[in-house]
Structures are given as C-alpha cells and as structure tokens.
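Fold and geometry: a report
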Amino acid sequence: MKIVNLSFLEWRYLNLNESKKYTVGSLFAGIGGFCSAFKNEGFNVVWANELDNYAAKTYRHNYPETRLIEKSVEELSVRGDKLEPIDILTAGFPCQSFSLAGNKLGFNDPRGQLFFEIIRLIKEFGENKPKILVLENVKNLIYHDNKNTINIIEEEIKRAGYWFRVPLDPKGNLMTQRSNAIVLNTKDHTDIPQNRERLYMVAFSQDYFRMNTFKFPEVIESINDVKEYLDIEGKAEAEYYFDEDSKYGKMFADKMAEGSEDSVYLLRRAYVRENKNSTTFTLTANMGEGGHNVPVIKDDWGIRKLTPIECARLQGFKDSFFSFPNDMPKNKQYKQVGNAVTVDLVQKLAVECKRNLIEQELKNDRLEFSV
C-alpha cells in the first residue's frame, strides 16, 4: 500500500482549484445570473437554454462564447440538441405558479410543470447526469399547497438519483441546519442592499458523492450603501423623472416629506412605501409593466425611478462585464433584471460547489494511490 502525504494533497487541491475547469449547463438561463456567478469562479458554462427572445438577445450580447439554445425546455433534449454532459446543472425554474403574488396553481399551471422537464433531462443524461444540481425559486415554494409541492420536488430529485432532503419540523418550519434547501436573502448573505428572499436547493449525485455535504453561506454583518449602486453625480434621462405636479409625483413628494429623502421608495398602486432599513425593495419582473414596483429615489434633479442598469447593479451585474443591447426596450430590461438571480449570492454557492467537487476528486485520488 502506498502512502500519500498531506503536502501532495494540498498541492493537488491548489492545482485543481486553479486549473480544473468544471463545467456548467444552465436551464431557464435568462440574462445569465447563474452563468455569470459560475464563470466568475472559473467554471466553464458550455451551454444554456432560454425561451424568451429578448432575454436571449441580452444573454448573447454578454456571453457570446456560450452556446445558447433558444427554445422551450419542453422541446429540449440531450440527444437531439447534443447537450454535452456537465458537472453542474443550474435552473431558476418559473416561479409564478408558486408565488404568493401569482395564482398559486402550482403543478396545475403549465409553468409549474416545467420543473418535471428538469428531471426528464437529468434522466436523459443517464450515467453522465450532472454531479450537482443548483435550483432556485420563490420562498413560498416551501409552503405551497400545504407543503405538498416541496415534498413532490424532494421525491422527484431523490428518484433521479440525488442526495436531497428538505426536513420540516412538527410545526411545518424548515429545519435549515439539516436541509439541502434554504431561503437566502441578498441583503443578509451579500453586501448588496437589496431585500430579496429566494429559495435555493442543492442536490448531489448519489453516483458521485457518498452524501450531501453542501454548506450554505452564513449571514454577514456588513452591507453597502444603496448610493454606491446609483448614478447620483449626474442627471438621469428625463423619462425616469416624475412630474411633481402629477398624481404619482405628488404621492412620492408627500411621502418623502414625511420620511427620509435618502430612503428608497416604491409605488404600490394606491400608496407609496418607504424602505427605512437602508436597502431597496425586492426587484421584481413586473417592474417592466408600468410605473409600479420600480424603486424610486430623490436626487438633486427631482424624484425618479432607478434605471435598469442601476437595478442590474443591485443584482450583482458589474458594468465592466454586463450591459444591455442598445435597442433593448426599457420595460424588457426591467423585467429581465427582476427575473434574474443575485450574482454575488450565487457566486457563494459556486464556491461551495467547487470545494465539494475538488474534495471528492481528492478522495478519489486517495483511493487510487492506496491500491
């Protein structure tokens, strides 16, 4: 039996961390929040899938090196589309049917049924199925349909051959310390000041891992000032400003007179809300459906909505690596940002995925060298 000293394993870990290009495939890729996060950690995103042609245009604009398959996931197939096997599969599958803001039809909604397409594709990979699954959806998915929905998702992922559990205590609360699914908030787990709670689920292949040892990120103490993400040194385009004599302009002016001019505000159809905790409200897809739900601030030139690129920064997209195509309609830009995941948060998940993949390779090395 050969003995492997620790220094070799340490060298092997560093070598894998710096040189190994683990691969990623992305379903429901949107404008590439998942892809950007994993690319930032050195992963190679070999293919992505997106149906919406506007989002696909933005994706291609920013990630021309990635093969983007623009079609419904229902039409996608491993053999027909020649999908390369990947180490990690990401999927922020449609949330409208599980959201408190939606119709809550769940799996009775065609959009809710798209989850099962993820399972179908995993099975199509056969022995080459992804080693890790990283899924995202709204917080309410845990409690939807008296928790029957999350129970079905858990069982389907297990049947597909993955270590995955979502334990609930007798009161129905998520037992986060033992769960492979957890609600993470952008403002609590990154330094980005956006109040955004989302459910993240991570499953490990039983063919590759002996157990699921994934650790979700801890809460951090520091948070940036919202102003760091805004262009407040210069005047924004006129279309973003409210006429202070208009209905909504007066509503914002009155609310700001009562509160702080440094806060972020939000129009909720019949009233205006102030965010008093130095963060911005959740950025939603329906920001693109009119004046409602777009965060509002007061700058030196008046009361205005945040611009789409400011919203993108609050989702972790950096100006140096991300932009919208010049002809992309503003309402589509808002929608795309609201549908995205926070890049910085997912990047922390990518770090942990990489750690687990490397450590498993080291375990395999030990077995190989001990024979």
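Notes on the structure follow. (Residues numbered from 1 in each chain as written. Predicted model: local features only at pLDDT ≥ 70, side-chain atom pairs only at ≥ 80, totals over all residues. Heavy atoms only, no water.)

Focus: the nonpolar core
Core analysis: the biggest nonpolar cluster contains 62 residues, and Phe38, Phe43, Ile88, Ile132 and Val134 have the highest contact counts within it. Non-local contacts of Ile132, meaning those with residues more than four positions away in its chain, are made with Asp87, Ile88, Leu89, Val202, Ala203, Phe204, Phe209, Cys353 and Leu357. Among the nonpolar cores identified, the runner-up in size contains 36 residues, and Phe115, Leu135, Leu141 and Ile142 belong to it. (Core = buried A, V, L, I, M, F, W, Y, C linked by side-chain atoms within 4.5 Å. Buried < 20%, exposed > 50% of the residue type's maximum accessible area, 1.4 Å probe, protein only. Contact = heavy atoms within 4.5 Å.)

Things to note about the packing of helix H4 (residues 115-125) against helix H5 (residues 148-159)
The packing of two helices is summarised by the inter-axis angle and the distance between the axes. Following both chains from N to C, one finds H4 and H5 inclined at 10 degrees, their axes separated by 10 Å at the closest point. Our classification of the angle between H4 and H5 gives roughly parallel. Contacts from Phe115, Phe116 and Ile119 in H4 reach Ile152, Ile153, Glu156 and Ile157 in H5. Split into classes, the residues belonging to the contact of H4 with H5 amount to six nonpolar, no polar and one charged. (Axes fitted to C-alpha atoms, helices over the stretch in contact; angles between N-to-C directions. Helix = DSSP H or I, 4+ residues; strand = E, 2+ residues; numbered from the N terminus. Parallel < 35°, antiparallel > 145°, perpendicular 65-115°, else oblique. Nonpolar A, V, L, I, M, F, W, Y, C, P; charged D, E, K, R; others polar.)

Remarks on the environment of Lys20
Summarising the element assignment, Lys20 is placed in the loop between helix H1 (6-19) and strand S1 (23-27). Linking Lys20 and Asn44, residues 24 residues apart in sequence, is a C-alpha distance of 9.7 Å.

Quick look at the pairing of strand S10 (residues 271-275)
Here five bridges tie strand S9 (residues 264-268) to S10, and the two strands are oriented antiparallel to one another. Opposite Leu267, over in S10, you have Val272 as the bridge partner. As consecutive antiparallel partners, S9 and S10 are separated by two residues, and within that stretch Arg269 has a phi angle of approximately 60 degrees, a positive value. (Pairing = 2+ DSSP bridges.)

Focus: the side chain of Glu361
Relative to the helices and strands, Glu361 is located in helix H10 (residues 343-370). For Glu361, a relative accessible area of 13% gives the class buried. At a separation of 2.9 Å, a polar atom in the side chain of Glu361 contacts the side chain of Tyr22. (Polar contact = N/O pair within 3.5 Å; in protein donor to acceptor, adjacent residues only side chain to side chain.)

Overview of the pattern of salt bridges
This structure, assessed with the given rule, holds 23 salt bridges. The partner of Asp319 in a salt bridge is Arg313, with the nearest N and O atoms 2.9 Å apart. Since its relative accessible area comes to 14%, Arg313 is described here as buried. For the salt bridge of Lys318 with Asp344, the shortest nitrogen-to-oxygen distance reads 3.3 Å. Pair noted here: Lys318 is in the loop between helix H8 (308-313) and helix H9 (330-339) and Asp344 is in helix H10, with a separation of 26 residues, a long-range link. What makes Asp344 buried here is its relative accessible area of 19%. Through salt bridges with shared partners, one network takes in Glu117, Arg120 and Glu124. (Salt bridge = Lys/Arg side-chain N within 4 Å of Asp/Glu carboxyl O.)

Here we look at unusual backbone geometry
Of all residues except glycine, most have a negative phi; of all peptide bonds, most are trans. Positive phi outside glycine occurs at Phe28, with the angle close to 50 degrees. The buried category is assigned to Phe28, whose relative accessible area is 18%. Residue Ser278 is not a glycine yet carries a positive backbone phi of 60 degrees. On the secondary structure map, Ser278 appears in the loop between S10 and strand S11 (296-299). Classification of Ser278 as exposed rests on a relative accessible area of 58%.

As for the packing of aromatic side chains
Overall, the coordinates contain 12 aromatic pairs when judged by the stated rule. Taking the centre distance of 4.6 Å and the plane angle of 40 degrees together, the rings of Phe317 and Phe322 count as tilted. In this structure, Phe317 and Phe322 share a single accessibility class: buried. Grouping aromatic residues by their ring pairs yields a cluster made of Phe204, Tyr208, Phe209, Phe214 and Phe216. The positively charged end of Lys129 is found above the aromatic ring belonging to Tyr162, 5.8 Å away from the centroid. The residue whose ring lies beneath Lys235 is Tyr241, and the NZ or CZ to ring-centre distance is 5.8 Å. (Phe/Tyr/Trp six-rings, centres within 6.5 Å; stacked < 30°, edge-to-face > 60°. Lys NZ or Arg CZ within 6 Å of the ring centre and 35° of its normal.)

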